[in-house]
Amino acid sequence: MDERVTLRSHLDRSASRTPRGDAVAAVIEAIAAATVDLAALIADGPLAGITGQDGGINADGDRQKDIDVAADEMMRLALADAPVAAVLSEEAALPETLNPQAPLCVAIDPLDGSANLENNISVGTIFSIRPRGNDILSTFFEPGTAQCAAGFVVYGPQTTLVLAHDESVDIFILNRHTEQFLLIKQGVKIAPDTPEFAINASNRRHWYGPVRAYIDECLAGTNGDRGADFNMRWIGSLVAESLRILVRGGVFLYPADARPGYREGRLRLLYEAHPMALVMEWAGGAATTGRRRILELGAKTPHQRVPLIMGSVRGVRDVSAIHEGIEPMFDNSDAPLFARRGLFR
Ligand code: F6P
Ligand code: MN
């Protein structure tokens with residue numbers, strides 16, 4: 001018999017002391033229940049008829065797979081039975097109204113990183129919960145500080161739920177036999193200074209000066225300005241990278257770059273950057289665009305993109321320091337500031 005605390009009893013304990021506690025707990029439980037079914041579908045994959053074939057194009061022009069469409073449907077159905085006024089999904093152009101008088105709104109990426117699935121690499125669901133204002137669309141456009149809870153589920157060797165709730169970040173693992181999430185780590189704190197970075201280095205030629213300078217300094221190891229030998233990781237799956245940061249620290253960067261369509265980065269503010277930033281900050285880490293704290297940003301459009309740099313406070317602070325006073329430049333790797341920082345200064 002497993003004596004660990006279940007998600008439900010964990011939420012029950014805090015429901016009375018957090019604002020809208022019962023409603024927030026009900027929404028988290030609804031999402032968690034849907035992820036149990038989604039985890040099973042993902043694990044079965046082709047055996048359950050998931051072909052990985054095209055499901056069409058989503059509102060933002062991304063290719064969808066059949067599993068993206070199925071995940072979106074599962075999350076919508078679950079949220080329709082919860083105290084949720086409206087849901088904004090990565091898979092739809094605009095928020096959908098569910099229960100207009102309900103106290104909460106949810107932004108959700110039903111299945112992040114589905115391109116990884118054919119390779120059996122971890123994917124996930126990311127969610128952000130905020131109180132409903134008078135107008136639904138402007139509710140979603142409030143800064144990320146308006147979130148009252150957020151989190152993500154990783155479908156990997158284990159199904160892991162990371163929950164930022166009641167100003168704490170807690171980690172649960174799914175017991176597949178009882179279909180319950182069980183608490184394995186409470187009050188997670190991100191190591192403040194881990195010499196590890198994650199970035200898609202194949203885009204180096206498209207980066208702007210400060211990002212190039214920071215990564216070059218990391219690569220210079222103990223001889224460089226950072227004075228440490230850095231390790232590198234890039235999974236290409238935001239949820240897996242975020243969980244790694246919670247477990248062992250480091251910094252993750254998906255910056256803006258010079259490619260068409262990437263001038264504001266790749267990741268979406270409302271259902272990728274905002275929830276991850278809440279998780280990072282409540283775990284003692286940080287999240288920025290390089291210039292501004294992610295949680296202070298409000299969206300102007302539902303699927304707005306944003307540069308995202310997050311993780312250990314030291315790494316995020318160092319990247320931000322390099323950005324200070326410098327405008328983004330996409331075309332000049334040899335600008336004097338960055339030439340000065342090279343190995344052969
Ligand atoms: O948003 C989808 C996503 O797969 C993220 O999970 C991941 O961080 C990113 O895209 C990877 O992007 P790229 O393929 O450009 O490295
Ligand atoms: Mn995504």
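Because the structure is a prediction, the values reported are computed rather than measured. (Residues numbered from 1 in each chain as written. Chains lettered and ligands numbered in written order. Predicted model: local features only at pLDDT ≥ 70, side-chain atom pairs only at ≥ 80, totals over all residues. Heavy atoms only, no water.)

1. Some points on the domain arrangement of the protein
Quick reminder of the rule: What marks off one domain from the next here is an automatic or database domain assignment. Note on definitions: a residue-residue contact is assigned when non-hydrogen atoms from the two residues lie within 4.5 Å. Note on definitions: buried area is the accessible-area loss of two parts on being combined, 1.4 Å probe, summed for both. Within this document, salt bridges are pairs made up of a side-chain nitrogen of Lys or Arg and a carboxyl oxygen of Asp or Glu, the two lying within 4 Å of each other.
When the domains of the protein are assigned, the result is domain 1 (7–185) and domain 2 (196–343). Residue-level contacts link 45 residues of domain 1 with 31 residues of domain 2. Counting each side, the surface lost to burial between domain 1 and domain 2 is near 2,800 Å², with a carbon and sulfur contribution of 67%. At the boundary of domain 1 with domain 2, the tally comes to one salt bridge. Residue glutamate 90 is joined to arginine 268 by a salt bridge in which the shortest nitrogen-to-oxygen separation is 3.5 Å.

2. A word on the packing of aromatic side chains
In plain terms, the rule: Pairing of aromatic side chains here covers Phe, Tyr and the six-membered ring of Trp, requires ring centres within 6.5 Å, and sorts the geometry by plane angle: under 30 degrees stacked, over 60 edge-to-face, intermediate tilted. Only runs of H or I of at least four residues qualify as helices and only runs of E of at least two qualify as strands under DSSP, and these elements are numbered from the N terminus. Whether a charge sits over a ring comes down to the Lys NZ or Arg CZ being within 6 Å of the ring centre and within 35 degrees of the ring normal.
Scanning all chains against the criterion turns up three aromatic pairs. Where tryptophan 234 meets phenylalanine 252, the ring centres are 5.5 Å apart and the plane angle is 20°; that geometry is what we call stacked. Of this pair, tryptophan 234 sits in the loop between strand 12 (231–232) and helix 6 (238–248) while phenylalanine 252 sits in strand 13 (residues 251–254); the two residues are 18 residues apart in sequence, bridging distant segments of the chain. Put simply, the rings of Trp234, Phe252 and Tyr254 pair up and form one aromatic cluster. Here the guanidinium or amino end of arginine 259 rests over the ring plane of tyrosine 262, the centre of that ring lying 3.6 Å away.

3. Looking at the site of ligand 1
Here is the rule we go by: Summary of the distance rule: residues count as near a molecule or strand when at least one heavy atom falls within 4 Å of that molecule or strand. Any N or O atom pair separated by 3.5 Å or less is treated as a polar contact, with the protein-specific requirement of one donor-capable and one acceptor-capable atom, and with residues adjacent in sequence counted only for side-chain atom pairs.
Taken together, Asp112, Gly113, Asn200, Trp234, Gly236, Ser237, Leu238, Tyr254, Arg266, Leu267 and Glu272 make up the full set of residues near ligand 1. In this structure, asparagine 200 approaches ligand 1 through a side-chain N or O atom, which is 2.8 Å from an oxygen atom. Contact between ligand 1 and tyrosine 254: an oxygen atom at 2.6 Å from a side-chain N or O atom of the residue.

4. Quick look at the pairing of strand 13
Quick reminder of the rule: Relative accessibility thresholds used throughout: buried, under 20% of the residue-type maximum; exposed, over 50%; partly exposed, between the two (1.4 Å probe, protein chains only). Two strands qualify as a pair provided DSSP detects at least 2 bridges between them.
Here strand 13 shows two buried faces, one formed by Val251 and Leu253 and the other by Phe252 and Tyr254. One ladder, built from two bridges, connects strand 11 (residues 196–198) with strand 13; its direction is parallel. Each bridged residue has a counterpart across the sheet, and for phenylalanine 197 the counterpart in strand 13 is valine 251. Bridge count between strand 13 and strand 15 (residues 308–311): four bridges; the pairing is antiparallel. Note on strand 15: the bridge partner recorded for valine 251 is glycine 311.

5. A short note on the pairing of strand 8 (residues 159–165)
For strand 8, the tally of buried residues reaches seven of seven residues, placing the bulk of the element in the interior. Alternating residues of strand 8 divide into Thr159, Leu161, Leu163 and His165 and Thr160, Val162 and Ala164, and every residue in both groups is buried. Where strand 7 (residues 149–155) lies against strand 8, seven bridges are found, and the strand directions are antiparallel. Of the residues in strand 8, the one forming a bridge with alanine 149 is histidine 165. Connecting strand 7 to the antiparallel partner strand 8 that follows it, the hairpin turn spans three residues. Judged from the six bridges that link them, strand 8 and strand 9 (residues 168–175) form a sheet pairing that is antiparallel. Along strand 9, the bridge assignment pairs valine 162 with isoleucine 171.

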